[in-house]
Amino acid sequence: MSKSSDAGGPIRPGTRPAMPPMDRPAQSLELSETGHLSREDLPRRHRLTIGSMALLLFAVTTAAIGQVMLKRGMQIASARVADSGGSLAISAATSPWVLLGLVVFGVSAIAWLAALSRVPLSVAYPFNALGYLGILTASVLLLHERANLLTWTGSIMVVSGLIIVVLAQP
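Basis of the calculations
- Residues numbered from 1 in each chain as written.
- Predicted model: local features only at pLDDT ≥ 70, side-chain atom pairs only at ≥ 80, totals over all residues.
- Heavy atoms only, no water.
- Axes fitted to C-alpha atoms, helices over the stretch in contact; angles between N-to-C directions.
- Helix = DSSP H or I, 4+ residues; strand = E, 2+ residues; numbered from the N terminus.
- Left-handed = near helix turned anticlockwise from the far one by under 90°.
- Contact = heavy atoms within 4.5 Å.
- Nonpolar A, V, L, I, M, F, W, Y, C, P; charged D, E, K, R; others polar.
- 1 Å grid on protein atoms, 1.4 Å probe; cavity = no way out; pocket = protein on both sides within 12 Å on 5 of 7 lines; lining within 4 Å.
- Points joined across faces, edges and corners; volume = space filled by probe spheres on them.
- Patch = residues over 30% accessible without salt bridge, like charges linked within 9 Å, V, L, I, M, F, W, Y side chains within 5 Å.
- Areas by Shrake-Rupley, 256 points an atom, 1.4 Å probe, with all protein chains shown as cover.
- Salt bridge = Lys/Arg side-chain N within 4 Å of Asp/Glu carboxyl O.
- Buried < 20%, exposed > 50% of the residue type's maximum accessible area, 1.4 Å probe, protein only.
- Expected span 1.5 Å × (residues − 1).
- Arc of directions from axis to C-beta.
- Core = buried A, V, L, I, M, F, W, Y, C linked by side-chain atoms within 4.5 Å.

K.L.:
What is the right way to read the packing of helix H1 (residues 50-84) against helix H5 (residues 128-141) from this model?
P.N.:
Between H1 and H5, the shortest axis-to-axis distance is 9 Å and the interhelical angle comes to 35°. Our pair here, H1 against H5, has a crossing hand that is right-handed. Taking contact as the criterion, the partners of Leu57, Val60, Ala64, Gln67 and Val68 in H1 are, on H5, Asn128, Leu130, Gly131, Ile135 and Ala138. Residues that form the contact of H1 with H5 fall into these classes: seven nonpolar, three polar and no charged.

K.L.:
Honestly, the layout of surface pockets in this entry has me stumped. Any pointers?
P.N.:
In this approach the atoms are scanned with a rolling probe the size of a water molecule, which exposes any empty space left behind. Roughly 270 Å³ of volume is contained in the second largest pocket. Surrounding the second largest pocket, 14 residues form its lining, Ala59, Val60, Ala63, Phe105 and Asn128 being those nearest its centre. Of all elements in the fold, only H1, helix H3 (96-116) and H5 reach the threshold of two or more residues within the lining of the second largest pocket. Take the lining of the second largest pocket: its biggest share by element is five residues, from H1. Here the residues of the lining of the second largest pocket are counted per class, giving ten nonpolar, four polar and no charged.

K.L.:
Just checking my understanding: could you explain a nonpolar patch on the surface for this structure?
P.N.:
Taken together, the side chains of Phe58, Leu100, Val103 and Val107 make up a nonpolar region of the molecular surface, amounting to roughly 350 Å² of accessible area. When residues in the nonpolar patch are grouped by element, the largest group, three residues, is from H3. Within the element layout of this structure, Leu100 appears in helix H3. On the basis of relative accessible area, Leu100 is assigned to the partly exposed category, the value being 46%.

K.L.:
Hey, could you run me through H3 in this one?
P.N.:
In an α-helix, one full turn covers 3.6 residues, which means residues spaced three or four apart are oriented alike. End to end, H3 covers 30 Å across 21 residues, agreeing with the expected 30 Å (1.5 Å per residue, within 8%). Of the residues making up H3, those classed as buried are Val98, Gly101, Val104, Ser108, Ala111, Trp112 and Ala115. One side of H3 carries all its buried residues, which in axial view fall inside an arc of 140°. Of the residues in H3, the exposed ones pointing more than 90 degrees away from the buried face are Pro96, Val103, Ile110 and Leu113. On its buried side, H3 packs onto H1, helix H2 (88-93), helix H4 (121-124) and H5.

K.L.:
What am I meant to see in the nonpolar core here?
P.N.:
Nonpolar side chains in soluble globular proteins tend to end up buried together. Residues Leu56, Trp112, Val119, Ala124 and Phe127 are the most contacted members of the largest nonpolar core, which totals 13 residues. Looking at this core, the elements that each hand over two or more residues are H1, H3 and H4. Tallying contributions element by element places H1 first for this core, with four residues. Not counting the four nearest positions on each side in its chain, Ala124 is found in contact with Leu56, Trp112, Leu116 and Val119.

K.L.:
Mind showing me how you'd approach unusual backbone geometry here?
P.N.:
Although it is not a glycine, His144 adopts a positive phi angle of roughly 60°. By the secondary structure assignment, His144 is in the loop between H5 and helix H6 (149-168). With relative accessibility at 66%, the residue His144 sits in the exposed group.

K.L.:
Can you walk me through H6 in this structure?
P.N.:
Taking 1.5 Å of rise per residue, 20 residues should cover 28 Å, and H6 covers 28 Å from first to last C-alpha, within 8% of that figure. Every buried residue belonging to H6 is among Ser155, Val159 and Leu162, and all of these are buried. Take H6 and look down its axis: the buried residues cluster within an arc of 45°, on one side only. Seen from the open side of H6, the exposed residues pointing more than 90 degrees away from its buried face are Leu149, Leu150, Met157, Ile164, Leu167 and Ala168. In this fold, the buried residues of H6 make contact with H5.

Given below as structure tokens:
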């Protein structure tokens, strides 16, 4: 199949547009006769570098901080509504903790997108397990919530799974 000179033109019946690889600028690719991309056209496997790991840890940490801030803001908003009545939605929307929590969570989302551009999802996603442990610790220490031994054991097992996934990468 040859490259089409009218890349922005209509797609002819029986053909599929080629998807550009993730690690190169967008360009048209040729499909094999079976209609699949060749191995050379697929994105290359990325290694987990110290910079990528730092970005993942930053994304997960800021997400956990944002979640704790949101929870604190909702505690305050709920208490305010219980005391004086009114709308929980308005109380939450005017809570500095909720607003700042959303900003922090937004920063974590941007960092997560940057991390996904560098690291395979199969490696990046298990890093969210660290968020479980961070949120559990913060909820006990800062929000005065209770956690039993099984909760701690399960969280530690999830983090152990993260370590296995990261160490198993070629």
